[in-house]
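For reference, the chains in residue letters:
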Amino acid sequence: MALEELQAVIQRCRGIPEAEFKAEDHGIFQTAASECLEEGHVVKLLEILQEEQNKDFVTCMGWNLVGPVVGCILKDNQETEYRENCSKILDLVVQISNPKELLVGLLEQVEEAYGEKISKSILLLLQPLQTVLLKLGHKKAYSVGLTLSTIITQLSQLPVPCTNEQRQHDTYDLCKCCMAVASFVKPFVDEVGQISESKSNPSNDQLKEELLKFCMKSLEYPLLRAHLDPLPEETEENLLRTFADEILVFLLALGESLPVLMVQSRKKQEETDPLQEDIKYPMNSLACLAYLLFVQHIGIDHFPAVYSPAFFLQYNVDYIATMMKRTEESILSKGLELHEQCLLPVEDNSLSHEYLEIKNILGVAQDLVKVMTLCPIDHLRKWSLRIFQQYINKFDTSGKYKLFRCLLKTSQHAGVQGYIIQNIKDQVDLALKPGNKNVWFSKYPHLITLLHSVLSLPEGAETDLLQNSDRIMASLNLLRYLVIRDNEWQNQTGIWTDLFWIENFLHPLRTGLNMSKAHYEAEIRTKEENKKIKGAPHSETQCSLTVGGKKLPKMTISMQLEVLRSAIYTFDLMESVLARIEELTDPKVKTRTGDNVVL
C-alpha cells in the first residue's frame, strides 16, 4: 500500500514544475516513504529514487526523506544491510536535492537529537552537511555559521571527560565528535586561506568571522574543561589534545596573530563603554588559549620568544583570574597551573610594588586566598598555598611590604592572616641579618606601621580568641622574636621607642585570655559533673557544642570534654608566649611610666 501511494505521487508530479506541486504532495510523499522504510521496503525505495525519470522529482522533494531516513539509521538493533541501504538513500538525496532545503532538514535532525543520540546524529550528518554547504558557493558564510553554532550547542549538552579514565571511555563519543567536526571545518578554513592570499572580498570575510567564532567557542567548550595533558608513550592518542592542536592551526590559517590575541583582554579594559563588550574574543576562550600556549605548549612555536617572564605574568594575569574565579575543578586547576607556570621563570625578589598597581595582580592573590580557604578539594587548597608562597617570593621588599598590608586588610581568615604574619617575621629576620639593608622590614616608621596592622584585636578583650588563634599566635611569636632579637640599646626596628601601643594589644589580650579560660574551665566542670551523675540517662547522649564561634556536630559529653580541653591548651600556649613578652617588656614600660610621672 505504501509503495503504491509513493509511486502514485511520484507519477502525478513527474514532469511538472516544482511551483505546481501541491502542499499535500509533500506530506503524502514523506508519509509513504516513511511507511516503506518501516515495512522494510528500503531496497525497492532506493530503486525508485534512483530511476532516471524520477531524478527531477527527487531533486525537488528529496529533502522530505531526511527525517525518516536518519531516524531509521539511528535506530538501535537495525540490520547492517538495512542501515547501509538507508545510508545510500541519504547519500543520493544529498547529491541531487536542493541544498538550501536539505540544510534545513539536516540541521533539524541535529537539533532534535538528545542524550546518546546527539553524538550519533552529528557523526552521521557531518559529511552530508559538508557536502551541502560546499554546494552553496560563495554565499555560504551564514549557513556555515548556523551549522557550526547548532553543532556546538548540541555538543555542549554532553559531559566533557576531565580525567584520563573518562577520556578513555568517552561514553558519549565527544572526543570522536570533536575530531569529526575538525575534519568538517577544514575545507572552509582552507578556502578562506586560499582566497585571502589572492584578494579579500566581503563573503570571504564573513566566512572567516564565522569560522573564528567557532574556534573561540571550541576553546571555551570543550577545551577549557577538558583533560589535555599528553598521554604516556605507546598509548592511544588524546583526541581532545589533537583537537586543540587543530583549533590553533585554524586560528593561524585564518590570519590570527597569537601575540595580538593574547592582548585582547587589555583592549577590553580600555574600552570606554563597558556595555560594548567585544564578544568576538570571549575571556574564557582567551584564557583557554593562554593555557594551551604557556602550559601545554600547543602552538608555542608560533609565539615570539622575546618577551620577559614578567611580561608573561602581566599579560596572563587576567586569564589566570578568569579561570580561578570558576568553581569547576578542571577549570580552576588550569588557572592554578597557568599561574604557577607564569611565576616559575620570574626571579625571586624581582617584582617591585608598582606591579601591584596592575589590575588583577593583587586580585589573583586574593583569588588564591579564596581557593585556600573555601575550595572543598584538598589537593587544590594545598596547591594554591604553594603558589601563594611562590607569588610572595617574586616581589622585592617594597612589593612584599605593600602586598602584606593589602592582604591583612582584605583577608578575614585567621589562618591566612597568621600565614602572612609568619612571612612578615621571616622578612624581618632576613632584614636584621648583617649586610642586609632593608628599610621596609627593619626600620622605623615602615615596620612599626605594619606592626600596628598585625598587633591588633578586632573587638578588643571580647575578641573570639579561639576563632582568631592562628593570627594571634603568629602575632605573639613575631612580637616575642622582635623583643628578643632587637636589643633595646640597638633598637634597629624602633620597637623600643614607644611600648605603649604594644600594651594596647597585650592588655586586652590578657583580659580576653582570662575571661576565655574561665568560661571554658566552667564548661569543663559542668560537663564532668554531668558525666559523674550515676545512671544519668543523658550522660552519653549527643548534643551540639559551639566552640570558637562555630557550631560543632552533635557529640557525646566525652567528646565535648576533649574539644574543650583542646581549647584550654590553645589558651595556655597563648598565655605562655604572652607571659614571656610581658617579662621582657614590663620593666621597660614601668620605667618609662615612672619617667613620665617625674616629668
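Keep in mind that this is a model prediction, so the values were computed, not measured.

**Q** An account of the environment of Trp383 is needed here, citing residue identities and associated values.
**A** With respect to the helices and strands, Trp383 occurs in helix α20 (residues 378–393). Distance in space between the C-alpha atoms of Trp383 and Leu368 is 9.5 Å, their sequence separation being 15 residues. Residues contacting Trp383, with those up to four places away along its chain left out, are Ser333, Leu336, Glu337 and Glu340.

**Q** With reference to specific residues and values, describe the packing of helix α17 (residues 309–324) against helix α19 (residues 361–374).
**A** Direction vectors running N to C along α17 and α19 enclose 35°, while the axes themselves pass 9 Å from each other. Here α17 runs over α19; the crossing is left-handed. Here Leu313, Val317, Ile320, Ala321 and Met324 of α17 lie close against α19, whose contacting residues are Ile361, Val364, Asp367, Leu368 and Val371. Partitioning the contact of α17 with α19 into residue classes produces nine nonpolar, no polar and one charged.

**Q** Could you give an account of the pattern of salt bridges, with specific residues and numbers?
**A** Under the criterion given, the structure shown has 17 salt bridges. Between Lys382 and Asp378 there is a salt bridge; the shortest N-O distance is 3.1 Å. Linking Lys382 with Asp378, this pair stays in helix α20, spanning four residues, or about one helical turn. In this structure, Lys517 and Glu575 form a salt bridge, with 3.0 Å as the shortest nitrogen-oxygen distance. In this pair, Lys517 is assigned in helix α26 (residues 500–532) and Glu575 in helix α27 (residues 557–598), connecting sequence segments 58 residues apart. Relative accessible area serves as the criterion here: at 15%, Lys517 is assigned to the buried category. Salt bridges sharing partners connect three or more residues here, namely Arg510, Lys517, Asp572, Glu575 and Glu582.

**Q** Quick one: what's the story with the environment of Gly145, residue by residue and with numbers?
**A** Mapped onto the elements of the fold, Gly145 is located in helix α9 (residues 141–155). When its relative accessible area of 11% is taken as the criterion, Gly145 is described as buried. Considered as a pair, Gly145 and Lys208 are 63 residues apart in the sequence and their alpha carbons are 9.7 Å apart.

Reading guide: rules and limits
- Residues numbered from 1 in each chain as written.
- Predicted model: local features only at pLDDT ≥ 70, side-chain atom pairs only at ≥ 80, totals over all residues.
- Heavy atoms only, no water.
- Helix = DSSP H or I, 4+ residues; strand = E, 2+ residues; numbered from the N terminus.
- Contact = heavy atoms within 4.5 Å.
- Axes fitted to C-alpha atoms, helices over the stretch in contact; angles between N-to-C directions.
- Left-handed = near helix turned anticlockwise from the far one by under 90°.
- Nonpolar A, V, L, I, M, F, W, Y, C, P; charged D, E, K, R; others polar.
- Salt bridge = Lys/Arg side-chain N within 4 Å of Asp/Glu carboxyl O.
- Buried < 20%, exposed > 50% of the residue type's maximum accessible area, 1.4 Å probe, protein only.

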